[in-house]
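Understanding the architecture of this molecule
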Amino acid sequence: MIRFMLLFSRQGKLRLQKWYISLSDKEKKKITREVTQIILARNQKASSFVEWKDLKLVYKRYASLYFCCAIEDQDNELLTLEIVHRFVELLDKYFGNVCELDIIFNFEKAYFLLDEFLMGGEIQDTSKLSVVKSIEESDMLQETMEEYMNKPTF
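Parameters at a glance
- Residues numbered from 1 in each chain as written.
- Predicted model: local features only at pLDDT ≥ 70, side-chain atom pairs only at ≥ 80, totals over all residues.
- Heavy atoms only, no water.
- Buried < 20%, exposed > 50% of the residue type's maximum accessible area, 1.4 Å probe, protein only.
- Helix = DSSP H or I, 4+ residues; strand = E, 2+ residues; numbered from the N terminus.
- Pairing = 2+ DSSP bridges.
- Axes fitted to C-alpha atoms, helices over the stretch in contact; angles between N-to-C directions.
- Parallel < 35°, antiparallel > 145°, perpendicular 65-115°, else oblique.
- Left-handed = near helix turned anticlockwise from the far one by under 90°.
- Contact = heavy atoms within 4.5 Å.
- Nonpolar A, V, L, I, M, F, W, Y, C, P; charged D, E, K, R; others polar.
- Salt bridge = Lys/Arg side-chain N within 4 Å of Asp/Glu carboxyl O.
- Phe/Tyr/Trp six-rings, centres within 6.5 Å; stacked < 30°, edge-to-face > 60°.

1. Digging into the pairing of strand S3 (residues 49-52)
Here S3 shows one buried face, formed by Val-50 and Trp-52, and one open face, formed by Phe-49 and Glu-51. Summarising the sheet, S3 and strand S4 (residues 55-62) pair through 4 bridges and their orientation is antiparallel. Note that in S4 the partner of Phe-49 across the bridge is Val-58.

Right under this line is the structure:
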C-alpha cells in the first residue's frame, strides 16, 4: 500500500501531495521536508529506492519534477515505480506532454487523475483510456454547467 505520494520540483517546492494515512499537518510538513531533502541530496545515478524509517521511498525524476511514493517495507518497489510511471503517462495523455506549470495551474485536474487511478493507496483503475475518459467527461460536465449558469435569465 502506498502511504503517500509527493510531487516536488528540483528546488524542493511541493507541487502535489496525496496522503493515504492520517497524520497531523505538522507531521506531514516535517515528513515532506525530510523526504524532499533526502531525495534532492542523492546522486542522479543512485538507485530510485531509499530505505527510510520503516518505509521505502520510491522516486523518479521526470523533467523538473520528482514523483515520490512511500510504501510499506514488504511492498514491491518495481511495481511502485511502474505506478509512478503510469501516473506520469496519464498526466501526459491529459495535458499533452505534462510540465511543472500544468501541475501548478491545473492542480485540481492532477488530483482528479490521481484519485481516478489510485484510491486509498491502492490501484483503482489501470486503463489509461478509462481514467482519461472520466476526467474528460468531468470537464464536459463542468463546461455545460458553466454555460448553463452564464445564460441570462429573463
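Past the structure itself, the notes keep going.
2. A closer look at the packing of helix H2 (residues 77-95) against helix H4 (residues 107-117)
Two elements in contact, H2 and H4, have axes separated by 10 Å at closest approach and are oriented at 130°. Here H2 is positioned oblique relative to H4, judged by the angle of their axes. Two packed elements cross with a definite hand, and for H2 against H4 that hand is right-handed. From H2, Ile-83, Arg-86, Phe-87, Leu-90, Leu-91, Tyr-94 and Phe-95 reach across to H4, where they touch Lys-109, Ala-110, Leu-113, Leu-114 and Phe-117. Among the residues making up the contact of H2 with H4, the classes are represented as 10 nonpolar, no polar and 2 charged.

3. Structural notes on the pattern of salt bridges
This structure, assessed with the given rule, holds 7 salt bridges. A salt bridge links Glu-77 to Lys-56, with the shortest nitrogen-to-oxygen separation between them at 2.6 Å. Taken together, the positions of Glu-77 in helix H2 and Lys-56 in strand S4 put the pair 21 residues apart, joining distant regions of the chain. In this structure Glu-77 comes out as partly exposed when scored by relative accessible area, which is 24%. A salt bridge links Arg-86 to Glu-89; its shortest N-O distance comes to 3.1 Å. With a gap of 3 residues between them, Arg-86 and Glu-89 both fall in helix H2, about one helical turn apart. Taking relative accessible area as the criterion, Arg-86 reaches 23% and is therefore assigned partly exposed.

4. What to know about the packing of aromatic side chains
Enumeration over the complete set of coordinates arrives at 6 aromatic pairs. Taking the centre distance of 4.6 Å and the plane angle of 35° together, the rings of Phe-4 and Trp-19 count as tilted. Linking Phe-4 in strand S1 (residues 2-9) with Trp-19 in strand S2 (residues 14-19), this pair joins segments that are 15 residues apart in sequence. Under the relative-accessibility criterion, Trp-19 is labelled buried at 13%.

Worth remembering: the numbers are spatial, not functional.
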